[in-house]
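Analysis of the macromolecular model
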Amino acid sequence: MRIDKYLWCVRYYKTRNMVTEACKKNHVTVNGQIAKPSKEVFPTDRITFRKDQITQIITVLDIPESRVGAKLVDIYRKNETPPEAYAHLELLKLSKEHYRKSGTGRPTKKDRRDIDEYGNEIFDEEEEV
């Protein structure tokens, strides 16, 4: 099975076109070699790809006939991504929400003044040293 079809079948990407774009950007490797979208995948192959700021590592266990349900995905692949990668993603999400909740828009005038004042305090401290 082609690598683009496989990653689509095991639900890592919503569309095959998204997988094709990832392959063209060299985000997908099979057994350590950069893969084109038409690269054939066989059981025991190790696929590494970057998605959502995580480098996913999976091993092909079997080839599905077509796209499978989310509950059946584990039959066809073994996820070997280290748990630290997921923890790092959670940390990134929390750091983005620290100052401003997502969806609240651009900074207000008061927020901008606070940011500028904070930057000036740091700059003044550096001059004193």
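This text gives an overview of the structure that appears in the document. Just so we're clear, the structure is a prediction, and the values are computed from it rather than from any experiment.

1. Brief notes about the pattern of salt bridges
- Taken as a whole and judged by the stated rule, the model has six salt bridges.
- Among the salt bridges present, the one from Asp52 reaches Lys51, with a minimum N-O distance of 3.6 Å.
- Owing to a relative accessible area of 54%, Asp52 belongs among the exposed residues under this scheme.
- With a closest N to O distance of 3.2 Å, Asp114 and Lys110 form a salt bridge. Taken together, the positions of Asp114 and Lys110, both in helix 4 (residues 109–128) and four residues apart, correspond to about one turn of that helix.
- When its relative accessible area of 36% is taken as the criterion, Asp114 is described as partly exposed.
- For Lys110, a relative accessible area of 57% corresponds to the exposed category.

2. Some points on the nonpolar core
- Ranked by size, the top nonpolar core spans 22 residues in total, and within it Ile3, Tyr6, Leu7, Val28, Ile47 and Phe49 carry the most contacts.
- Mapped by element, the contributors of at least two residues to this core are helix 1 (3–9), helix 2 (16–24), strand 1 (28–30), strand 3 (46–51) and strand 4 (54–60).
- When residues in this core are grouped by element, the largest group, four residues, is from helix 1.
- Not counting residues within four places of it along the chain, the set of residues in contact with Phe49 comprises Leu7, Tyr12, Tyr13, His27, Val28, Ile54, Thr55, Gln56 and Ile58.

3. Description of the packing of aromatic side chains
- In the structure shown here, the tally under the stated rule is two aromatic pairs.
- Taking the centre distance of 5.9 Å and the plane angle of 45° together, the rings of Tyr13 and Phe49 count as tilted. With Tyr13 in the loop between helix 1 and helix 2 and Phe49 in strand 3, this residue pair connects regions lying 36 residues apart in the sequence.
- Exposure remark for Phe49: the relative accessible area of 0% places this residue in the buried category.
- Through a chain of ring-to-ring contacts, three or more aromatic side chains come together here, namely Tyr12, Tyr13 and Phe49.
- One cation-aromatic arrangement involves Lys51 over Tyr13; the distance from NZ or CZ to the ring centre is 5.4 Å.

4. Quick word on the environment of Thr20
- With respect to the helices and strands, the residue Thr20 is situated in helix 2.
- Along the sequence, Thr20 and Lys36 sit 16 residues apart, while their C-alpha atoms lie 7.9 Å from each other.

Analysis parameters
- Residues numbered from 1 in each chain as written.
- Predicted model: local features only at pLDDT ≥ 70, side-chain atom pairs only at ≥ 80, totals over all residues.
- Heavy atoms only, no water.
- Salt bridge = Lys/Arg side-chain N within 4 Å of Asp/Glu carboxyl O.
- Buried < 20%, exposed > 50% of the residue type's maximum accessible area, 1.4 Å probe, protein only.
- Helix = DSSP H or I, 4+ residues; strand = E, 2+ residues; numbered from the N terminus.
- Core = buried A, V, L, I, M, F, W, Y, C linked by side-chain atoms within 4.5 Å.
- Contact = heavy atoms within 4.5 Å.
- Phe/Tyr/Trp six-rings, centres within 6.5 Å; stacked < 30°, edge-to-face > 60°.
- Lys NZ or Arg CZ within 6 Å of the ring centre and 35° of its normal.

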